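Residue-level listing of the chains:
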Amino acid sequence: MPHEAPGDPQRSAGGSLAGVERIIGRLGGPDARTPTAPGPTLIVVAGQHGNEPSGVHAALRVLKSLETAAQRDPACFRGELLAVAGNVPALRSGVRFIDADLNRLWTPAEIDQSFARTDRGDPVSTEQQQQRELAEEITDAVLRSRGSTVLLDLHTTSAASRPFLAVEDIVRVRELARAIPVTAVLGLEAMIRGILPDWFNTVGDAAMIFEAGQHDDPASIERHEAAIWLLLAEIGAIERAAFSERLARARATLEPFAAGLPRMLEARARHSVSPEDGFKMRKGFSNFHAVQRGELLAGDTTGTIRAPMSGWLFMPLYQPQGEDGFFIARRASRIFMRLSKLLRPLKLHKLIHLLPGVAKSEAPVDAFVVNPRVARLLAHEVFAMLGYRRYREHGGIGVFGKTAEDMHRAWYALPEELRRPRRDQSRSS
Ligand SMILES: [Zn+2]
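Residues numbered from 1 in each chain as written. Predicted model: local features only at pLDDT ≥ 70, side-chain atom pairs only at ≥ 80, totals over all residues.

Things to note about the overall build of the chain
- When you go through the chain residue by residue, the secondary structure sums to 13 helices and 18 strands.
- Within the chain, contacts between residues at least 6 apart in sequence are counted, and of these 70% link residues at least 24 apart. (Helix = DSSP H or I, 4+ residues; strand = E, 2+ residues; numbered from the N terminus. Contact = placed C-beta atoms within 7 Å.)

So, in structure tokens, the structure goes:
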């Protein structure tokens, strides 16, 4: 693949993305025009949601300054920086998606389907085509990498927001997230099926989501840019000394937003919505608004919707398209974070079924069935500590697992009368 110049300068001013292409820009790599020393690969994905142009502009800016710096001093940059556009047709039209949300399609089953259908030439949705192309660019970058491979998925929100990270609860990912000085929310992948980092963490080394602020706020571009620079330094792609001023500016851009919030939060509740719900968030909530259990948050055709627990409200939905009404996050326990780092290599999950009210799933998967009345107090903490963050409960039975596929199979291995869906249950967790 040829070296790509970082786009046209008109777009880097934060203007229209009507002409955006899949490859926003690429610097370095084994076949680069400007040779770079072997090193880590950073893949920046921008605009998986087409109404979130900020990441594209930020990537263009970083590529431009990095290219100038590397021309002056080739030793200041090693490895590769690849910036790709997520949903190209949606970015060109400025809408979140055309047929389906691209950032919900990254499950093994959906990926297989996108590849199988495009291979056969069967009709596909816009986003299945996008997924195929994007997956190929990302996989190619991993295959040609001469070092570690890290993916940064750039997003913005419909409501005003402090910037934050959404990080999968994997020790190496959590450690890497510390490079970006904002609050990291753990466990989002356990509530939203099929997000890109969930897949990348199985093909590359580490992936995370960075949410910069409101969609069209120019400050979101600054913050996206800051996150890219800090991550480039953290993985060793750029010489810190050569970019000391830029990195100091990046930290100064983000650090003020870490004030007054725990550095690590854990997503604990999600309110899912469908178009026919007529969901409407009450006015005046911003991201990380502190809420009390029972507080009135929104309304829909069935009545009022209240906070299921106290905590920090996040990603309240103030746009027409979307499946997540809001989330609630709580402080991630510091002692459990530390313990999990120590305990996970010991394969303690082999003993977890000895806890009261806990049994291994009868399906051949890595999941556990619990009696919530017996196991509730301890279970959430112990399972989370060991990386089982997905939880589903109905009536007298609950299931903990690590992946959506395991959860699905464990759940359907249960006797049918235990898992009959009930609308209020499936909506609150
Ligand atoms: Zn997004």
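Observations regarding the nonpolar core
- Core analysis: the biggest nonpolar cluster contains 98 residues, and Ala59, Leu152, Leu165, Val185 and Met208 have the highest contact counts within it.
- Mapped onto the domain boundaries, this core takes at least three residues apiece from domain 1 (9–258) and domain 2 (264–331).
- Excluding residues within four positions of it along the chain, Met208 makes contact with Leu152, Leu165, Ala166, Val167, Val173, Ala177 and Pro197.
- Within the second largest apolar cluster, 17 residues are counted, among which are Val369, Phe383, Leu386 and Trp411. (Core = buried A, V, L, I, M, F, W, Y, C linked by C-beta atoms within 7 Å. Buried ≥ 20, exposed ≤ 12 C-beta atoms within 10 Å, placed from the backbone. Domains from an automatic or database assignment.)

With respect to the confidence of the model for the chain
- Summing up the model confidence of the chain, the mean pLDDT is 85 and the portion of residues at 70 or higher is 85%.
- The least confident element of the chain, judged by mean pLDDT, is helix α1 (residues 9–12) at 36; the most confident is helix α9 (residues 244–254) at 98.
- Within the model, the stretch residues 1–13 combines pLDDT values under 50 with 25 contacts to residues more than four positions away or in other chains.
- Long-range and interchain partners of residues 421–429, a stretch whose pLDDT sits below 50, account for 11 contacts in this model, where long-range means more than four residues apart. (pLDDT = per-residue confidence, 0-100.)

Brief notes about the sheet that holds strand β11 (residues 296–300)
- Read across the open sheet, the 3 strands follow the order β9-β11-β12; overall the sheet is antiparallel. Only two strands of the sheet have a single partner each, and these edge strands are β9 (280–281) and β12 (303–306).
- Sheet analysis places β11 next to β12, joined by 4 bridges and oriented antiparallel. Residue pairing in the sheet places Asp300 in a bridge with Gly303 of β12. (Pairing = 2+ DSSP bridges.)

With respect to the packing of helix α8 (residues 218–234) against α9
- One can describe the packing of α8 onto α9 by two numbers: an axis separation of 9 Å at closest approach and a directional angle of 130°. By the angle class used here, α8 and α9 are oblique. The handedness of the crossing between α8 and α9 is left-handed. In contact with Glu222, Arg223, Ala226, Trp229, Leu230 and Ala233 of α8, α9 contributes Arg246, Leu247, Ala250, Thr253 and Leu254.
- Residue classes in the contact of α8 with α9 are distributed as 7 nonpolar, 1 polar and 3 charged. (Axes fitted to C-alpha atoms, helices over the stretch in contact; angles between N-to-C directions. Parallel < 35°, antiparallel > 145°, perpendicular 65-115°, else oblique. Left-handed = near helix turned anticlockwise from the far one by under 90°. Nonpolar A, V, L, I, M, F, W, Y, C, P; charged D, E, K, R; others polar.)

A short note on helix α4 (residues 108–120)
- Its 13 residues give α4 an end-to-end C-alpha distance of 18 Å, which sits within 8% of 18 Å, the value for a rise of 1.5 Å per residue.
- Downstream of α4 by a residue or two, Gly121 has a phi angle that is positive, lying close to 80°. (Expected span 1.5 Å × (residues − 1).)

Structural notes on the packing of α4 against helix α5 (residues 126–144)
- Interaxial distance between α4 and α5 falls to 9 Å at its minimum, and their mutual angle equals 100°. Considering the angle they form, α4 stands roughly perpendicular to α5. Note on element contacts: α5 touches α4 through Gln128, Gln129, Gln131, Arg132 and Ala135, opposite Ile111, Ser114, Phe115, Arg117 and Thr118.
- Its residues assigned to classes, the contact of α4 with α5 shows 3 nonpolar, 5 polar and 2 charged.

Some points on the environment of Pro89
- Counting through the fold element by element, Pro89 comes out in helix α3 (residues 88–93).
- Residues Pro89 and Arg22, 67 residues apart in the sequence, show an inter-C-alpha distance of 9.8 Å.
- Setting aside its immediate chain neighbours within four residues, Pro89 contacts Ile98 and Thr126.

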